[in-house]
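Examination of the molecular architecture
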Amino acid sequence: MSCFTTKFADELIANAAYIGTPGKGILAADESTGTIGKRLASINVENVESNRRALRELLFTTPGALPCLSGVILFEETLYQKSSNGTPFVDMLKSAGVLPGIKVDKGTVELAGTNAETTTQGLDGLGDRCKKYYEAGARFAKWRAVLKIGQNEPSELAIHENAYGLARYAVICQENGLVPIVEPEILVDGSHDIHKCAAVTERVLAACYKALSDHHVLLEGTLLKPNMVTPGSESAKVAPEVIAEHTVRALQRTVPAAVPAIVFLSGGQSEEEATRNLNAMNKLKTKKPWSLSFSFGRALQQSTLKTWGGKEENVKKAQEAFLVRCKANSEATLGTYKGDAKLGEGAAESLHVKDYKY
Amino acid sequence: MSAFVGKYADELIKTAKYIATPGRGILAADESTETIGKRFAGINVENIESNRQAYRELLFTSPGSYPCLSGVILFEETLYQKTSDGKPFVDLLMENGVIPGIKVDKGLVDLAGTNGETITQGLDSLGARCQDYYKAGARFAKWRAFFKIGATEPSVLSIQEDAKVLARYAIICQENGLVPIVEPEVLTGGSHDIKKCAAVTETVLAAVFKALNDHHVLLEGTLLKPNMVTPGSDSPKVAPEVIAEYTVTALCRTVPPAIPGIVFLSGVQREEQATLNLNAMNKLDVLKPWTLTFSFGGALQQSALKAWAGKTENVAKAQAKFLTRCKANSDATLGKYTGWASGDSAASESLVVIGYRY
C-alpha cells in the first residue's frame, strides 16, 4: 500500500470506525486553559482547576448523554483529572463506551509575508507526547489548522503549509496508536457567498488528501473534521438544505471513501443551527460513503454553561440542557431530528467570534 | 465550486452517468492505424482502410451486443467511417444506445533524463480538435498516460508531469462537450508483487486527483480508466478475489465519490481473466460509491479477431465470439458472472506483449 504499516493498524481502523457509529458523535471539550477561562468569565466563574474539573464532570456524568457520544476530545489537563469520587475521567468515559481523545496541537503562529495567515505548531516531540497520551488512555487526537477567506486568501503557501503540517501530525499519531482527526478549518468570517466557501473548501480538502497520501497516512484510520460549507458571517443566511447540498458535494469531490467518518466542527454556528444543518445533510439522498456526524464544542455546551453559571445547585438543570443537545445531535446523525428540542437559554444564539483563536 | 461549470456541464454529467450504467461498459476499439496493423498481421490480414472498416463494422453490427455497451472508443479514422450500407458508424452506435468516444492523445515520447519513462503528447490545438469531434458525433474522449514500476520508477517527475497533462486534457475536453476518460495506466511489466502495484497505483491516483482539482475539472462529468491492481507480469498469479480486494482498496483511498464510474483497462490480461477480476470486484461486499465496469480492447476482441481472420464467411462466427465476451463482462459488472464463457480457446490466451506501446 502507499500507506505505512503499523502494529496499530487494526486498532486504528476499529476506533475510527467506532467513532463514526451512526447515532453518535464527539464532544469537543478540549478548550485550553486560556480559552476555557474566557468561557468561565462569561458566566462569572473563576478560572481555577477545581472549576474546570467541575464543569467537565458535569458534562461527563450527565445521565443519558454518554450513549450519544463515541468520543470526547480533552485538553491535556483534563486527561489526567478525576471525578469527585476519585474515578479518572478517562476510565469513566471508557467504561461508558466513549473513547477519550486529546488535543495535541500547540496553537497557531503567523506565516510571515502573508496577510495574517497562520500555520499550526506542535510537531516537536509529538511522537513521545502521543505515546504518553496513549498510556494515559487516549485513543484519538486532534490538530486544528486554520485558513481564512479573503481577497487573496487562502494563499497557496497557507494551504500547503497547513495541509502538510496536518499530514505529518497524522502519521506521527498513527505510529503511536492514536487515530488522528484531521481538522482544516476554513473560518466563516467574511462577506463571501456560499459558492466561494465551497470552492475554497474543495481546494483545501484536495490539498489535504494529497498531503496525507504523500505522508503514507492510513486513511481508514483517520477522521476528517471540516467546516460545513456556508455563506460568510457577513452574508445573508441560507436554508439548512442549501448548506447540506454544498457541503456534501464538496466532500464527494474530495474525500475518499476510505475515510470512515466526517465529524463536523460547528464554528460560530448556534447550537440549533449546527444541529439542523447536520440533520439536513443526513437526510440528503446522495452518495455518502462516510458517516456524517458532529464534533461540537460550543454548539454542545453553550446553553449548558449558561444554565450552570458555576453553581452546584444548577448542575441538574445544566445537565438536562446538555442532554437535550446530545440527543438532538444524535438524531441529526440519523436525519431524524424534528427540530423540536427544548431550546435552552442561548441555544439559538450565534456563537460567532470574529477571527476566532483558541 | 472549485470546478469549472461551462455550458456543457449538465450534458457531461448525464453522459458520464450513462456510460457508467451497471450492466454496460465500453469497447475500446481505438487502435491507431499502426497498432491495428500489428493485430491484423497476427491473422494475416492486410492493413488497408477497407479491412479496418470491415473489422469495425463486424464489431459494431454484432447482434445482441448493444445492450452490453454504453460506449465505444474510436480512432479518428473510424469516427468518419461508414457501414457498407453507407451509414456513419457514429449514427449506428448512437441509434442503438452506444455513445461514440474518441482517442485524442498523440502517443508517448520519452522523458529525457529518466530511465525510459514517458509523457503523453497531444495538447496542441486539442480544443479545436475536440470541437470537430463533438460535431462529428463524439461525446467522450480518452487519453492514456503510462507509468512503469521499477527500482526508481515511477519517478516524481513522471507522476507530476503525466498527472498535469491528464488534467489539462480533461478540462479542455469539458470546455468542448466531451466527457474525459482519464487513464493513468500503471504497467504490469516487472517482478514486483501486488503490494508494490497497490502502492504505486495509490500514489499515482492521488496525484491525478490533485491535478484534476488544480485544473478545476468537474469530477461528476469525468470517468477514470485505471489498471487493476495485480502482481507484476513476472510474478506468480493470485486469485481474482485478491486482485479485487487490493484494487477496490486502492480506489477507496484515492477516487472521490463524485466520479460516477470507473472503467477498467484490461492491459495484458486474458479475456476470461479480465472478466473474472471485474466480477470479483463487483461481488466484494464493500461500499463502492462509483460503478465498476470495463473499457476493454484486447480483452473483448481477441477471440473475435482470430475467428474473423479477415474472411467475410467468418463474420457471424466472429460476432458470436464478440457477443460472448460482451455478455460475460456485462454480467461481471453486476457481480453475476458464473464463468459460463470460459470455454472459448482464445479467452485463455495471455495478451502479454513486452514493452507494449500503442
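For the structure itself, consult the block above.
The following refers to the structure shown. Keep in mind that this is a model prediction, so the values were computed, not measured. (Residues numbered from 1 in each chain as written. Chains lettered and ligands numbered in written order. Predicted model: local features only at pLDDT ≥ 70, side-chain atom pairs only at ≥ 80, totals over all residues. Heavy atoms only, no water.)

Structural notes on the overall build of chain A
Assigned secondary structure in chain A consists of twelve helices and ten strands. Whereas a compact globule of 358 residues would reach a radius of gyration of roughly 21 Å, chain A reaches 19 Å, a difference of no more than 12%. Considering only C-alpha atoms, chain A reaches an extent of 50 × 50 × 40 Å along its principal axes. The 358 residues of chain A split such that 63% are buried. Of the charged side chains in chain A, 42 are positive and 41 negative; the average position of the first set lies 3 Å away from that of the second. (Helix = DSSP H or I, 4+ residues; strand = E, 2+ residues; numbered from the N terminus. Rg over C-alpha atoms; globule rule 2.2 N^0.38 Å. Buried < 20%, exposed > 50% of the residue type's maximum accessible area, 1.4 Å probe, protein only. Lys, Arg positive; Asp, Glu negative; His and termini not counted. Charge placed at Lys NZ, Arg CZ, Asp CG, Glu CD.)

Examining the packing of aromatic side chains
Considering all chains together, one arrives at twelve aromatic pairs over all chains under this definition. A ring pair is formed by phenylalanine 294 of chain A and phenylalanine 296 of chain A, whose centres lie 5.6 Å apart and whose planes are at 40°; its orientation type is tilted. Owing to a relative accessible area of 0%, phenylalanine 294 of chain A belongs among the buried residues under this scheme. For the ring pair tyrosine 337 of chain B and tryptophan 340 of chain B, a centre distance of 6.1 Å and an interplane angle of 65° mean the geometry is edge-to-face. Accessibility expressed as a relative area gives 6% for tyrosine 337 of chain B, which makes it buried. A network of ring pairs unites the aromatic residues Phe40, Tyr55 and Trp308 of chain B as a single cluster. Of note, arginine 139 of chain A hangs over the ring of tyrosine 134 of chain A, and the distance from its end group to the ring centre comes to 3.7 Å. (Phe/Tyr/Trp six-rings, centres within 6.5 Å; stacked < 30°, edge-to-face > 60°. Lys NZ or Arg CZ within 6 Å of the ring centre and 35° of its normal.)

What to know about helix α1 (residues 9-19) of chain A
Of the residues making up α1 of chain A, those classed as buried are Leu12, Asn15, Ala16 and Ile19 of chain A. The arc enclosing the buried residues of α1 of chain A, seen along the axis, measures out at 100°, which places them on a common side. (Arc of directions from axis to C-beta.)

A word on the nonpolar core
Counting residues in hydrophobic clusters, the biggest one holds 224 residues, and the most contacted among them are Tyr169 of chain A together with Phe60 of chain B. Excluding its chain neighbours within four sequence positions, the residues that come into contact with phenylalanine 60 of chain B are Leu27, Ala29, Tyr66, Val72, Leu74, Thr78, Phe89, Leu92 and Leu93 of chain B. (Core = buried A, V, L, I, M, F, W, Y, C linked by side-chain atoms within 4.5 Å. Contact = heavy atoms within 4.5 Å.)

Focus on the environment of valine 186 of chain B
Residues and elements named next belong to chain B. Within the secondary structure, valine 186 is located in strand β7 (residues 179-186). Expressed as a C-alpha distance, the spacing of valine 186 and tyrosine 18, which sit 168 residues apart in the sequence, is 26 Å. Ignoring any residue separated from it by four or fewer positions in sequence, one finds valine 186 in contact with Phe147, Ile149, Val200, Thr201, Val204 and Asn227.

Section: the interface of chain A and chain B
Size of an interface, as often reported, equals the accessible area lost when the parts are brought together. Taken together, the contact between chain A and chain B spans 27 residues of the former and 28 residues of the latter. Here chain A packs against chain B, burying approximately 2200 Å² in sum over the two surfaces, 61% of which is carbon and sulfur. Inspection of the region where chain A meets chain B yields two salt bridges. We note a salt bridge from glutamate 220 of chain B to arginine 253 of chain A, for which the minimum N-O separation is 2.9 Å. At the boundary of chain A with chain B, the tally comes to eight residue pairs in polar contact (both at pLDDT 80 or more). Where the side of chain A that touches chain B is concerned, the elements lending two or more residues are α8 (194-214) and α9 (240-252) of chain A. When the residues that make up the side of chain A that touches chain B are grouped by side-chain class, the tally is 14 nonpolar, six polar and seven charged. (Buried area = accessible area lost by both parts, 1.4 Å probe. Salt bridge = Lys/Arg side-chain N within 4 Å of Asp/Glu carboxyl O. Polar contact = N/O pair within 3.5 Å; in protein donor to acceptor, adjacent residues only side chain to side chain. Nonpolar A, V, L, I, M, F, W, Y, C, P; charged D, E, K, R; others polar.)

Remarks on the environment of aspartate 132 of chain B
All names here are of chain B. Mapped onto the secondary structure, aspartate 132 falls in helix α6 (residues 126-136). A residue is classified by how much of its surface remains accessible, and aspartate 132, at 41% relative accessible area, is partly exposed. When the C-alpha atoms of aspartate 132 and asparagine 176 are compared, they prove to be 9.3 Å apart, with 44 residues separating the residues in sequence.

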